[in-house]
Amino acid sequence: MEVLQKIIQKSGTNLSLIDLEFKQIENLKEVLPLLIQFKNLKELNLHGNRLRQLPDDLSQLKNLETLDITNNMFENLQQVVQSLKTLPSLNHLEIALKSKEEEEFIIENLPQLVMLNQQAIKIEDQSEQQSDMQSERSATGLEITLQQEDLEQMALLHDSIKELRKEDEESEKQISSVFENSVKTIMKELQTKLAQKTPEHITNLTILKAKYNLYEVCFQLFIRYFKLTDKKLEQILTKIHDQHQQIFTDMTNVIMNVRDNQSIQSIQKKLLETNSGQSNQEKGTEQRLRQELQELQSYTREIEQENKTYLELLIKYGKGEKIQLHQILNNQQKTENQNIDNSSQFIQQNNNDKTIALNLIRPQQNQYASIQNKNNQLQSNVLVQAPQLVKMLTLKQFKDLIQEIYESKLKFDQKCSDSHLPRETMEQHMYTFLNQKYGLKSLILEWASCIINALKRYGNDDNDVAVFGKILRNECDEEFRFVQGQVKNTILELLKMYLRGKFPLKTNADIKEMMNQRVNSFIFQEEAEDIIKYMYNQEDSELILNKLKQYFLLPAKHVEKRMTREEQLQIVNEKDKSKIEFSIFQKVILDFQMKSHEKYLSKFIQQFKLQDQDQNGIIDENEFRQLITDLNIGTNDFDIQRYLNKIDPYNNQQITFSQCVQLFSQEQAPGTNVPIIQKISVESF
């Protein structure tokens, strides 16, 4: 592969990290011989390629620890996992998973993994927590040893548990490898600490910790065995293990606290002797500062309420409602200026008492200073929130921001699902995202205004922006953006197929170069027509081609000059061809797809809005039942209850527009073999 060859020529084969993100790799077997040359390779990024499977044997990548294969086109997860099993050092994996079951399948078959999709695997994480909690302990005065007999006894116990599992030979090798690596790590850590000069009780604690961790390896393997055979027993053992671990931790903490308390009491005694002459004066200062802190906390609550008011106003402004924003801002500014003047008095009083402030009050003074800084920021930025003063985002900046919001929404939806909380609409999450990212009211308002203005500015020129706007207005479901992404990929795949068919003697590198030229400039009319006719039926093809006619450019006349034979041949081949900008060609197709989807959902959108009285994209259970009744799709009470169990399993009484579209796209209409949403669409025409 050219990219790897260039890396080898430029940096050699001693690299530990190789990034092959979005390199259009379709077959890793072709790349593997070059990857094997990197003997120190520990991290490999294959994100965003076109891999459908992995090579059966990856064992030659002996040192590879971190692998990212997200956003590929894998067809069989089992095949991928079997291939990953051959990586002896793999402990950190990034892979796209569709369900919790697939995640459990990965963990069970790759027991050596420590991290999966940026999350620590639970069992390993417990071991790490245990290690952290036991890092500081107290001595018992007893001589503790760890001898070879202890290691042999623990190894026999591990083998006995492994025999219970009855794994295949390959899995047994992996389990043994994990065990050996764990023992090596624990013993190496023990040797390092014992080499340090520490008191006897610290040495004994270190040896105890090593013993505990060694048997923890066996305990975790035992729990994992019952996880595969007896879930109930596995839960019981896990609880016993956690309680045992907690007791062990508490005991060590108690011993350590005995020594710490002796030191603390000695320090406190000296402090009391030093400060006894100033106690009365300090108590008065403490009381006054506490009172001032309470007043400032009250002021903070007022600011939070004001922040909520601003957000509500901005939402109304985004929906086109007329509001007196300037007048409200001026009134809010007067109130804030008055509060800031009052706050300045607190500062002056505090400055007079600096020399006698207690250490106990210093955290409160820091909080006070933080609130004052916030007040100054509000005073300087409050007038910036008027819509006409909002800065403009470029199209690229806005599309990057949209993608960031999409990614945040996916993660937030998963958190809501795990916590049994209702999903947010895209509009709600936009403000959640801005609040999490910026926090300050002024920045939230500024960025929300930027988004609203960018939607108005670019909505007609870019399809991605138009789709985002429709999702915000609940005129399109959130999942439709994935459909548009698939349409883009299909266009590129069909263009590649066309070029390969027309130029069968060209190499893959030549085809790729031709692809890049067309994507970044023009494609010819015959290429555009071939792609459209392949994607759509005759009626739709004619509609799209009619829209494209106005954008086709006739071939330009070439100025006479000295040219190479290749340039002359290229002109001869292209002299009679019309062409169109690829970006316009793609936008016309995406716009057609979007309008078709709008038409497909039109009746459902109309019925949903009748139930959604406040037009926020959310309905409750009663409104959902009425919606199904009005749609008249032949459902009974049992069907409706089944739908509710899927769409609102925890009875949150908040069902979003996108959730409804997704549910009705998956569920078949009673008595038919077509989805409910399709039946609704057909009956509307």
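The rules we used
Residues numbered from 1 in each chain as written. Predicted model: local features only at pLDDT ≥ 70, side-chain atom pairs only at ≥ 80, totals over all residues. Heavy atoms only, no water. Axes fitted to C-alpha atoms, helices over the stretch in contact; angles between N-to-C directions. Helix = DSSP H or I, 4+ residues; strand = E, 2+ residues; numbered from the N terminus. Left-handed = near helix turned anticlockwise from the far one by under 90°. Contact = heavy atoms within 4.5 Å. Nonpolar A, V, L, I, M, F, W, Y, C, P; charged D, E, K, R; others polar. Patch = residues over 30% accessible without salt bridge, like charges linked within 9 Å, V, L, I, M, F, W, Y side chains within 5 Å. Areas by Shrake-Rupley, 256 points an atom, 1.4 Å probe, with all protein chains shown as cover. Salt bridge = Lys/Arg side-chain N within 4 Å of Asp/Glu carboxyl O. Core = buried A, V, L, I, M, F, W, Y, C linked by side-chain atoms within 4.5 Å. Buried < 20%, exposed > 50% of the residue type's maximum accessible area, 1.4 Å probe, protein only. UniProt positions renumbered as here; feature names shortened; annotations may be inferred. Polar contact = N/O pair within 3.5 Å; in protein donor to acceptor, adjacent residues only side chain to side chain. Parallel < 35°, antiparallel > 145°, perpendicular 65-115°, else oblique. Expected span 1.5 Å × (residues − 1). Arc of directions from axis to C-beta. pLDDT = per-residue confidence, 0-100.

- The protein chain is annotated in an unreviewed UniProt entry as EF-hand domain-containing protein from Paramecium pentaurelia.

1. Examining the packing of helix α13 (residues 395-418) against helix α15 (residues 441-458)
Phase 1: Relative to each other, α13 and α15 sit at 115 degrees, their axes nearing to 11 Å. When the axes of α13 and α15 are compared, the crossing they make is left-handed. Contacts between α13 and α15 involve L395, F398, L401 and I405 on the former and, on the latter, W447, I451, A454, L455 and Y458.
Phase 2: Each residue belonging to the contact of α13 with α15 can be placed in one class, and the counts come to nine nonpolar, no polar and no charged.

2. Describing a nonpolar patch on the surface
Phase 1: Side chains of L233, I236 and I240 sit close together on the surface and give an oily, nonpolar patch of about 240 Å² of accessible area.
Phase 2: Among the structural elements, I240 can be located in helix α9 (residues 231-275).

3. Focus on the nonpolar core
Phase 1: Ranked by internal contacts, the top residues of the largest apolar core, which has 36 residues, are L35, L67, L84 and L93.
Phase 2: Among the secondary structure elements, those contributing two or more residues to this core are α1 (2-11), α2 (28-35), α3 (77-84) and α4 (100-109).
Phase 3: L401, Y406, Y431 and A448 belong to the second largest nonpolar core, which has 28 residues in total.

4. Looking at the UniProt feature "domain: EF-hand" (unreviewed entry) in the protein chain
Phase 1: UniProt annotation of "domain: EF-hand" (unreviewed entry) refers to residues 599-634 when read in the numbering used here.
Phase 2: Strand forms 6% of residues 599-634 and helix 67%; the C-alpha atoms that close the span are 23 Å apart.

5. Let's talk about the environment of I491
Phase 1: Checked against the element boundaries, I491 lands in helix α17 (residues 480-502).
Phase 2: Contact partners of I491, with chain neighbours within four places excluded, come to I531, M535, F582, F585, Q586 and I589.

6. Brief notes about the side chain of S658
Phase 1: Relative to the helices and strands, S658 is located in helix α25 (residues 657-666).
Phase 2: A relative accessible area of 4% places S658 in the buried class.
Phase 3: Within the local environment of S658, its side chain forms a polar contact with the backbone nitrogen of E478, the two atoms lying 3.0 Å apart.

7. Focus on unusual backbone geometry
Trans is the common state for peptide bonds, and a negative phi is the common state for residues other than glycine.
Phase 1: Look at Q24: it is not a glycine, yet its phi comes out positive at around 60 degrees.
Phase 2: One non-glycine residue, N474, lies in the positive phi region at around 60 degrees.
Phase 3: Note on placement: N474 falls in the loop between α16 (463-472) and α17.
Phase 4: Look at N474 and you get buried, because its relative accessible area is 11%.

8. So, the packing of helix α14 (residues 426-438) against α16
Phase 1: Put simply, α14 and α16 touch, their axes get as near as 7 Å, and they point 105 degrees apart. One element, α14, and the other, α16, form an angle in the roughly perpendicular class. Here M426, E427 and M430 of α14 lie close against α16, whose contacting residues are F468, I471 and L472.
Phase 2: Grouping the constituent residues of the contact of α14 with α16 by class yields five nonpolar, no polar and one charged.

9. Quick word on α3
Phase 1: Most of α3 sits inside the fold, with six of its eight residues counted as buried.
Phase 2: Among all positions in α3, only L77, Q79, V80, V81, S83 and L84 are buried.
Phase 3: Buried residues belonging to α3 abut β3 (66-68), β4 (92-94) and α4.

10. Digging into helix α18 (residues 508-519)
Phase 1: When the terminal C-alpha atoms of α18 are compared, their 16 Å separation across twelve residues agrees well with the 16 Å that a helix rising 1.5 Å per residue should span.
Phase 2: Taken together, the buried positions of α18 are I511, M514, M515 and R518. Down the axis, α18 shows its buried residues gathered within 105 degrees of arc, on one side only.
Phase 3: Against α17, β7 (522-524), α19 (525-535) and α22 (582-611) lie the buried residues of α18.

11. Observations concerning the confidence of the model for the protein chain
Phase 1: When pLDDT is averaged along the protein chain, the result is 76, and 71% of the positions lie at 70 or above.
Phase 2: Note that pLDDT drops below 50 for residues 123-141; the model gives that stretch 47 contacts with residues more than four away or on any other chain.
Phase 3: Taken as a whole, residues 321-329 scores under 50 in pLDDT and shows 14 contacts with residues more than four places along the chain or in a different chain.

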